[in-house]
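Structure assessment
These are the residues of each chain, in order.
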Amino acid sequence: FAISDVVGCASAGSAETSTRHAMSSNSDVSDLVRRVAGPLAVVGAGALAAVGGILAWNALENAAVQKRLRKCANKMIKVDGVEFNVKEQGQGEYTVVLDAGLGMSSACWTWVQEKVSKNTRVISFDRPGLGCSPPKPGPWLRRVDGIVDDMHRVLSAIGAKEKLVLVGHSCSGMDCRLFCHRFPDQVVGMVLVDTAHEGQIKQAQGSSIYNTYPSAEATQEKLRRLSYLWKTGLMRMMFVASSPWFRDASFRLPFLNLIKRALDAVGRAAADQVRSQIKMIGPHLPKSIYQRYVDETFNHHAMAAMVSEHGSQRESMEFMSGLDLMKPAVLGSRPLIVVSRDPFRGAGGRLYPNAKGDPGREAMHEAFQRDQAVLSLKSERRVIDGAGHGSLLFVGQDAEHTAKAILDVVRMLKNSPK
């Protein structure tokens, strides 16, 4: 044979062999794709179904919560297009107005309102987004002057325009004092329950207290993140993952532990804080309002309102500082009682069995309380043994002292010369 023929035959044989190998390789790849595609399709479909299920579950739960809150509302009134839930009890010459602290609803006054309403007229209400009041459209900022504007409109709408005894807890003490400054003819007395005041923003600089007041930028970022967590259902999943049964199950079931760790990375701490608050306060509430309190505390609108009010504290205190309302006797001769927690028990008080106050923090808080005790010519300060910041409203034996202070102011007004 010619050399060219041999080379040609060899080339042909080599080409045929390469073709067979290529076909075999393609067949192997196809088989691999077929073997993997099936399970991947199942996993993908399962993931989509899970995501869809979570979104549907979240939407249904959110709708159910809002429906329950609307159902348990006391009296809804509309003022300038905004709805407010108002609770009004009792009758009397003087009207006691209970203003809840930062991020809290009228439910926090349940024990006190029941007690005081046996002797006089009492009003509490939910600010927009809190309790049973729907959210208010517009900017996120909730500065003290805007809160007071809402408060005045609500009271005017229900005919409470005179002989008002204002009662504030925590940050709402500033609401009460600003209300009195703007509408002095309507306010005849005041009770401040372990309240904050605007001087704190300067006195607390450089301390852990000062650092708890977030900036506007940080607040807006929190609100964006909160909205994302609620819309995706992640917040509700984190709330479930923070429950004791889920935590125990995650130690035994690896896949639950993976879910828990993933939610930790997203920010499960927010849900943990809410569950901790419910666990702490829930046992002290009447059974009739326990579910309402859970619904009020764990929902998108309430958490957003709390973040907004917290993020507005710096501006509120700076606004109040410009009015110079912390001068001695600025309230004139209006009866004033300042009710304070026990510094040895700190903010926790009887809500935490082993609570102890931090000496430095409590010394600063004591100074804040003494500042407010000289705002009237007829003032008195009462330090309640064993009481904490929240227990003055939620724990019966401490709330008893709060109610008594309110009734004592009403009694002083009744007995004063007309």
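This structure is a prediction, so every number in the text was calculated from the model and none was measured.

Reading guide: rules and limits
Residues numbered from 1 in each chain as written. Predicted model: local features only at pLDDT ≥ 70, side-chain atom pairs only at ≥ 80, totals over all residues. Heavy atoms only, no water. Pairing = 2+ DSSP bridges. Helix = DSSP H or I, 4+ residues; strand = E, 2+ residues; numbered from the N terminus. Axes fitted to C-alpha atoms, helices over the stretch in contact; angles between N-to-C directions. Contact = heavy atoms within 4.5 Å. Buried < 20%, exposed > 50% of the residue type's maximum accessible area, 1.4 Å probe, protein only. Lys, Arg positive; Asp, Glu negative; His and termini not counted. Salt bridge = Lys/Arg side-chain N within 4 Å of Asp/Glu carboxyl O. Polar contact = N/O pair within 3.5 Å; in protein donor to acceptor, adjacent residues only side chain to side chain. pLDDT = per-residue confidence, 0-100. Expected span 1.5 Å × (residues − 1). Right-handed = clockwise from strand over helix to strand, strands pointing away. Phe/Tyr/Trp six-rings, centres within 6.5 Å; stacked < 30°, edge-to-face > 60°. Lys NZ or Arg CZ within 6 Å of the ring centre and 35° of its normal. Disulfide = S-S within 2.5 Å.

What about the sheet that holds strand 7 (residues 335-340)?
- In space, the eight strands of this open sheet follow the order 1-2-4-3-5-6-7-8, with mixed pairing throughout. Each having just a single partner strand, strand 1 (75-79) and strand 8 (378-383) make up the two edges of the open sheet. Averaged over all neighbouring strand pairs, the angle between strand axes comes to 20 degrees, with direction disregarded.
- In this structure, strand 1 lies alongside strand 2 (residues 82-89), joined through five bridges in antiparallel fashion. Directly across from Met76, in strand 2, lies its bridge partner Asn85.
- Docked against the sheet, helix 14 (residues 359-372) engages strand 6 (187-193), strand 7 and strand 8, running at close to 170 degrees with respect to strand 7.

Quick notes on the side chain of Arg334
- Summarising the element assignment, Arg334 is placed in the loop between helix 13 (313-321) and strand 7.
- Of the side chains bearing the opposite charge, Asp185 lies closest to the buried Arg334, which forms no salt bridge; the N-O distance is 6.1 Å.
- Within the structure, Arg334 has its side chain in polar contact with the backbone oxygen of Val187 (distance 2.8 Å).
- In this structure the side chain of Arg334 is engaged in a polar contact, spanning 2.8 Å, whose partner is the backbone oxygen of Leu331.
- Residues contacting Arg334, with those up to four places away along its chain left out, are Cys180, Pro184, Val187, Val188, Gly189, Ser376 and Lys378.

Remarks on the confidence of the model for the protein chain
- Put simply, the protein chain has an average pLDDT of 84, and 84% of its residues get 70 or more.
- Within the model, the stretch residues 1-15 combines pLDDT values under 50 with one contact to residues more than four positions away or in other chains.
- A low-confidence stretch, residues 17-23 stays under pLDDT 50, and its non-local contacts, those more than four residues away or across chains, total zero contacts.

Brief notes about helix 12 (residues 300-311)
- With twelve residues, helix 12 extends 16 Å between its outermost C-alpha atoms, agreeing within 8% with the 16 Å of an ideal straight helix rising 1.5 Å per residue.
- Those residues of helix 12 that sit buried are Ala302, Met303, Ala304, Ala305, Val307, Ser308, Glu309 and Gly311.
- Considering only its buried residues, helix 12 is in contact with helix 6 (216-231), helix 7 (234-241), helix 10 (269-281), helix 11 (287-297) and helix 13.
- If you check the start of helix 12, you find a side-chain oxygen 3.0 Å away from the backbone N of His301, and it comes from Asn299.

Considerations on the pairing of strand 6
- Across the seven residues of strand 6, six count as buried, placing the element largely inside the fold.
- Where strand 5 (residues 164-169) lies against strand 6, six bridges are found, and the strand directions are parallel. Following the sheet pairing, His169 is matched in strand 6 by Val193.
- Of the crossover connections in this fold, the one passing from strand 5 over helix 4 (residues 172-182) to the parallel strand 6 is right-handed.
- Relative to strand 7, strand 6 runs parallel, the two sharing four bridges.

Description of the environment of Gln369
- Within the element layout of this structure, Gln369 appears in helix 14.
- When its relative accessible area of 0% is taken as the criterion, Gln369 is described as buried.
- When the C-alpha atoms of Gln369 and Arg341 are compared, they prove to be 9.5 Å apart, with 28 residues separating the residues in sequence.
- Within polar-contact distance, the side chain of Gln369 engages the side chain of Ser340 at 2.8 Å.

Let's talk about the packing of aromatic side chains
- Under the definition given, this model contains four aromatic pairs.
- When the centroid spacing of 4.9 Å and the interplanar angle of 45 degrees are considered together, the rings of Trp230 and Phe298 count as tilted. Linking Trp230 in helix 6 with Phe298 in the loop between helix 11 and helix 12, this pair joins segments that are 68 residues apart in sequence.
- Given the relative accessible area of 5%, Phe298 is considered buried.
- Taken together, a centroid distance of 6.4 Å and an interplanar angle of 65 degrees make the contact between Tyr293 and Phe394 edge-to-face. In this pair, Tyr293 is assigned in helix 11 and Phe394 in helix 15 (residues 391-394), connecting sequence segments 101 residues apart.
- A relative accessible area of 4% means that Tyr293 is categorised as buried.
- A connected cluster of aromatic rings, assembled from ring pairs, spans Trp230, Phe239 and Phe298.
- Lys163 extends its terminal NZ or CZ atom over the ring of Tyr94, reaching a point 5.6 Å from the ring centre.
- Taking the ring centre of Phe239 as reference, the NZ or CZ of Arg275 above it sits at 4.0 Å.

Examining unusual backbone geometry
- The backbone phi angle of Asp324 is positive, close to 55 degrees, even though this residue is not glycine.
- In this fold, Asp324 is placed in the loop between helix 13 and strand 7.

A short note on the environment of Leu393
- Along the polypeptide, Leu393 turns up in helix 15.
- You can call Leu393 buried: its relative accessible area is 2%.
- With residues near it in sequence (within four places) discarded, Leu393 still touches Cys108, Trp109, Trp111, Val112, His169, Ala399 and Thr402.

Re the side chain of Ser124
- By the element assignment, Ser124 lies in strand 4 (residues 121-125).
- On the basis of relative accessibility, which here comes to 0%, the residue Ser124 falls in the buried class.
- Of note is the side chain of Ser124, whose polar atom sits 2.7 Å from the side chain of Gln113.
- What Ser124 contacts, discounting residues up to four positions off in sequence, is Asn85, Val86, Lys87, Leu98, Ser106 and Gln113.

Observations concerning the state of the cysteines
- Under the defined criterion, the tally for this structure stands at zero disulfides.
- In this structure Cys176 is a free cysteine whose sulfur lies 9.4 Å from that of Cys180, the closest cysteine sulfur available.
- Residue classification places Cys176 among the buried residues on the basis of a relative accessible area of 0%.

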